[in-house]
Amino acid sequence: MRKHTYALGGAGLLLSVSMLAIPAQELTGELPDPPEFAAQSEPIFVSVGDIQEFKALPEYHEPDWVTSKYVDAGTLPPVAERLPKEPLVYKTANMPDGIGVYGDTMRHVIGGRPEGWNYIGGQAQGWGGIDIGLSECLTRTGPLFMIKAEELEPLPNLAKGWEWSEDGKQLTMHLVEGAKWSDGDAFDTEDVMFYWDDHIMDPNVSPLNGGTPETFGQGTTLEAIDAYTIKWTFQEAFPTQYLYAMAYGTFCPGPSHILKPEHPKYSDNTYEQYKNAFPPEYMNIPVMGAWVPVEYRPDDIIVMRRNPYYWKVDENGNQLPYLNEMHYRLSTWTDRDVQAVAGSGDFSNLEQAESYVEALRRSAEDSAPARLQFGARTIGYALQMNLSGNGWGEPDDRAQSVRDLNRNLDFRKAVSIALDRQRLGESLVRGPFTAIYPGGLYAGTTYYDKASTVYYPFNLEAANGLLDGLGLADTDANGVRNFPDGGADVEITLLANSDYGTDTNLAEGVMAQLEPLGLRVIANFQSGTARDDMAAAGQFDWQVARQGAELVSVVQGTAALAPTGPRIHTFHRANADGELDLLPFEEELVALVNKFVTTSDNAERADIMKQYQRIFTENVYSVGLTQYPGALIINKRFANIPAGSPIMMFNWAEDNIIRERVFVPEDRQGSYELHPETLPGEPGGAGPV
Ligand code: GLA
């Protein structure tokens, strides 16, 4: 039997560590500025009221074939009756190409695969904008990239307006009145409360994208006042921050009339059965989004048709969306880039740096079917160590020994300075794209402060010294360090998402670069859904991960910047008893994040994030690897794509570009619709009708 009895913290060990430790100041160094890389287009900054408002219009329109084939035939009520009393109206002045025309398809290509349609029950739909498009949420943040900084606040969406009580502890929200699910059922507070009571507040359910009670602040309550009014009660005054948590992906209610009968509280189902009650084959799931899934062919395609009850219009009263159909080809993420550039696909977030040179070359040609536009450096990767020392993910002895190492600062520092970030970045792509990323907030984003960023440059010798100091010697001379006292080789598994070449390339780079440090890092490469499940269950020693919006915008996903709750953080969650064993510096990060959430004073916020950045990087909370810009690739036939749309800021570009108001001018429309002149059928029934 192998011996894994290593634990840090014994008095003798601490003594020897401090004697051998290299003084911290010798390990830090000057952080090089990222290479200049100008974004290729800038947003036109506007106010929320310039983009949209809620109001009744004198008349409404829809595609002619909807009227003639459905309304006139008596199978669908007239458009005015399908719309809410006051629909969301997009203002023409903010539409880059103005009022659109109906028709055509946006052909997405994605690398993910659908688990099913129960988003709030925790199922993934395959990503790449599918769930973003199906979900409508209380508020909306994607388009905020074009909102004036001093007016930054989430856009009203399903919540069309709200008021704060005088003491700021209560927030009353008004839902769009008379909005309907895509099958015609009323959307109201029953849907909202079903999401809150039976998903957020039910610890047995983990909605996709990770909404938990702490996402909305500890002790927060929500109640329905009437069919269209909800009231939040917070512990703090004016926590405007939570308006961001009410956007995608943490407050997008599901259709309670369909889901409720399957939920364990209202049925004999187990939670697992509930989660899986709506498999990908289930067609016409009611949504509030602009398109409804009507066809699914495994490993081939998901087709969506326009939602006849969609509750948004343009200023002429044309019911949106303009595009009749959406395709999601089930392929690979790399193929998404290739097809978008070639014109057989329509859209890609160019984010895998390995494809940049080729994509740029092809799109520079005059005949190129797609435009390619780079934004800021908001794609970032980190090596994250599992910091739970008390059982999250049920580690065996070996894994527990690794957890103990992970929780040691000298160990994290050693790993960090054993990595040559310059080389890691260049192994993906040469040129001015990648930048050395020490971890924490990204250079170039609002709250980043270089002076508060502690950088430990590449220094393999010092890294080896640190591990020697921890008593990790290669006692059996096989090139791999052993745990102290005749322990086994230090073997660490590295989880990464095999759906993305960039993820596995970076993971392989990390593995290779840590060999001279005497650590045996073993690949655990899993495809998307399996990886996500293992990550969420804490079944990993280390992982290489592409990071979320919280490190870009800070205001979106804020609660996840530190373990502010038992199930909220990426690499440190509670054990089965709900206990979270935070390290002292993590407690500080949690306090800072909680403070950030409850102040709206900009100077104070900036100061809080400086402290956050310093504590994060000083303690190598995660090992930053590289950060680089992404580019939006979109076929040239599409109109109304906002200038300066980033592929990732508050949300992904699929939300940022406001797809429901994107259109194709008549003379450029292609004949891509697979189910022309059809609408979604009965929930659970066969295909479109
Ligand atoms: C995946 C893709 C991203 C984006 C998101 C949207 O993660 O890699 O580019 O499309 O899905 O959910």
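Quick caveat, the model's predicted, so the values are computed rather than measured.

## Concerning unusual backbone geometry
Keep in mind that most residues, glycine aside, have a negative phi and that most peptide bonds are trans.
Phase 1 of the analysis: Of note, the bond from tyrosine 248 into glycine 249 is cis; its omega dihedral lies within 30 degrees of zero at 0 degrees.
Phase 2 of the analysis: Within the secondary structure layout, glycine 249 lies in the loop between helix H8 (242–245) and helix H9 (256–259).
Phase 3 of the analysis: In this structure, the amide linkage connecting leucine 320 to the following residue, proline 321, adopts the cis form with an omega of 0 degrees.
Phase 4 of the analysis: By the element assignment, proline 321 lies in the loop between strand S12 (312–314) and strand S13 (325–330).
Phase 5 of the analysis: With a phi angle near 75 degrees, asparagine 209 is a residue other than glycine that sits in the positive phi range.
Phase 6 of the analysis: Of note in this structure, aspartate 485 is not a glycine but carries a positive phi near 60 degrees.
Phase 7 of the analysis: One can find aspartate 485 in the loop between helix H16 (460–469) and strand S18 (491–497).
Phase 8 of the analysis: Relative accessible area serves as the criterion here: at 67%, aspartate 485 is assigned to the exposed category.

## Some details on the packing of aromatic side chains
Phase 1 of the analysis: Inspection of every chain in the model, using the stated rule, returns 34 aromatic pairs.
Phase 2 of the analysis: Aromatic side chains tyrosine 119 and tyrosine 248 sit 6.4 Å apart centroid to centroid with 35 degrees between the ring planes, which places their arrangement in the tilted category. Taken together, the residues tyrosine 119 in the loop between strand S3 (105–110) and helix H6 (130–134) and tyrosine 248 in the loop between H8 and H9 connect sequence positions 129 residues apart.
Phase 3 of the analysis: The class of tyrosine 248 is buried, set by a relative accessible area of 12%.
Phase 4 of the analysis: Relative to phenylalanine 374, the ring of tyrosine 356 has its centre 5.3 Å away and its plane inclined at 65 degrees; by these criteria the two rings are edge-to-face. A residue pair is termed long-range when its members are at least 10 positions apart, and tyrosine 356 in helix H12 (residues 356–364) and phenylalanine 374 in strand S15 (residues 370–374) qualify at 18 residues.

## Notes on the pairing of strand S7 (residues 170–175)
Phase 1 of the analysis: Where strand S6 (residues 159–164) and S7 come together, five bridges link them in antiparallel fashion. Each bridged residue has a counterpart across the sheet, and for glutamate 163 the counterpart in S7 is threonine 172.
Phase 2 of the analysis: The loop that links S6 with its antiparallel partner S7 comprises five residues; one of these, glycine 168, has a positive phi angle of about 75 degrees.

## As for the confidence of the model for the chain
Phase 1 of the analysis: Looking at the chain as a whole, the pLDDT averages 95, with 96% of positions reaching at least 70.
Phase 2 of the analysis: Every residue in residues 1–19 scores below 50 in pLDDT, and together they form 29 contacts with partners more than four places removed in sequence or on other chains.

## A few points about the environment of isoleucine 568
Phase 1 of the analysis: Relative to the assigned elements, isoleucine 568 resides in the loop between helix H19 (550–553) and helix H20 (584–597).
Phase 2 of the analysis: Not counting residues up to four positions away in its chain, the partners in contact with isoleucine 568 are Thr212, Glu214, Thr215, Ala559, Ala560, Ala562, Pro563 and Arg573.

## A word on H16
Phase 1 of the analysis: When we look at burial in H16, the residues that qualify are Ala462, Ala463, Asn464, Leu466, Leu467 and Gly469.
Phase 2 of the analysis: Of the residues flanking the end of H16, it is glycine 471, one or two places downstream, whose phi is positive at about 80 degrees.

## Things to note about the site of the ligand
Phase 1 of the analysis: Around the ligand sit Trp127, Gly128, Gly129, Ile132, Trp333, Arg336, Asn349, Glu351, Tyr500, Arg546, Trp652 and Glu654, and that is every residue in its neighbourhood.
Phase 2 of the analysis: Arginine 546 has a polar side-chain atom sitting 2.7 Å from an oxygen atom of the ligand.
Phase 3 of the analysis: With respect to the ligand, the side chain of glutamate 654 contributes an N or O atom lying 2.6 Å from an oxygen atom.
Phase 4 of the analysis: Protein contacts shield 96% of the accessible area of the ligand, which totals 310 Å² for the unbound molecule.
Phase 5 of the analysis: Of the residues assigned to the shell around the ligand, the class counts are five nonpolar, three polar and four charged.

## Describing the pattern of salt bridges
Phase 1 of the analysis: All chains considered together, the criterion is met by 36 salt bridges.
Phase 2 of the analysis: For arginine 407, the salt bridge goes to aspartate 581, with nearest N and O atoms at 3.3 Å. With arginine 407 in the loop between helix H13 (397–406) and helix H14 (409–417) and aspartate 581 in the loop between H19 and H20, this residue pair connects regions lying 174 residues apart in the sequence.
Phase 3 of the analysis: Classification of arginine 407 by relative accessible area gives partly exposed; the value is 22%.
Phase 4 of the analysis: Judged by relative accessible area, which is 17%, aspartate 581 ranks as buried.

## Quick word on the sheet that holds S15
Phase 1 of the analysis: Reading across from one edge, S14-S22-S15 is the order of the three strands in this open sheet, with antiparallel pairing throughout. Only two strands of the sheet have a single neighbouring strand rather than two, namely strand S14 (347–350) and S15. The mean inter-strand angle of the sheet, taken between neighbouring strand axes irrespective of direction, is 15 degrees.
Phase 2 of the analysis: Relative to strand S22 (residues 631–635), S15 runs antiparallel, the two being bridged by five bridges. Across the sheet, the residue bridging to phenylalanine 374 is alanine 631, located in S22.
Phase 3 of the analysis: In the packing of helix H11 (residues 333–342) onto the sheet, contacts are made with S14, S15 and S22, and the angle to S14 comes to roughly 125 degrees.
Phase 4 of the analysis: H12 rests against S14 and S15 of the sheet, and its axis sits at about 130 degrees to S15.

## Considerations on the packing of H14 against H16
Phase 1 of the analysis: The interhelical angle for the contact between H14 and H16, taken along N-to-C directions, is 155 degrees, at an axis separation of 8 Å. Regarding the angle of H14 to H16, the classification is roughly antiparallel. Regarding H14 and H16, the two cross each other, and that crossing is left-handed. Across the interface between the two elements, Asp410, Phe411, Lys413, Ala414 and Ile417 of H14 pack against Leu460, Ala462, Ala463, Leu466 and Leu467 of H16.

Rules of the game
- Residues numbered from 1 in each chain as written.
- Predicted model: local features only at pLDDT ≥ 70, side-chain atom pairs only at ≥ 80, totals over all residues.
- Heavy atoms only, no water.
- Helix = DSSP H or I, 4+ residues; strand = E, 2+ residues; numbered from the N terminus.
- Buried < 20%, exposed > 50% of the residue type's maximum accessible area, 1.4 Å probe, protein only.
- Phe/Tyr/Trp six-rings, centres within 6.5 Å; stacked < 30°, edge-to-face > 60°.
- Pairing = 2+ DSSP bridges.
- pLDDT = per-residue confidence, 0-100.
- Contact = heavy atoms within 4.5 Å.
- Near = heavy atom within 4 Å.
- Polar contact = N/O pair within 3.5 Å; in protein donor to acceptor, adjacent residues only side chain to side chain.
- Areas by Shrake-Rupley, 256 points an atom, 1.4 Å probe, with all protein chains shown as cover.
- Nonpolar A, V, L, I, M, F, W, Y, C, P; charged D, E, K, R; others polar.
- Salt bridge = Lys/Arg side-chain N within 4 Å of Asp/Glu carboxyl O.
- Axes fitted to C-alpha atoms, helices over the stretch in contact; angles between N-to-C directions.
- Parallel < 35°, antiparallel > 145°, perpendicular 65-115°, else oblique.
- Left-handed = near helix turned anticlockwise from the far one by under 90°.

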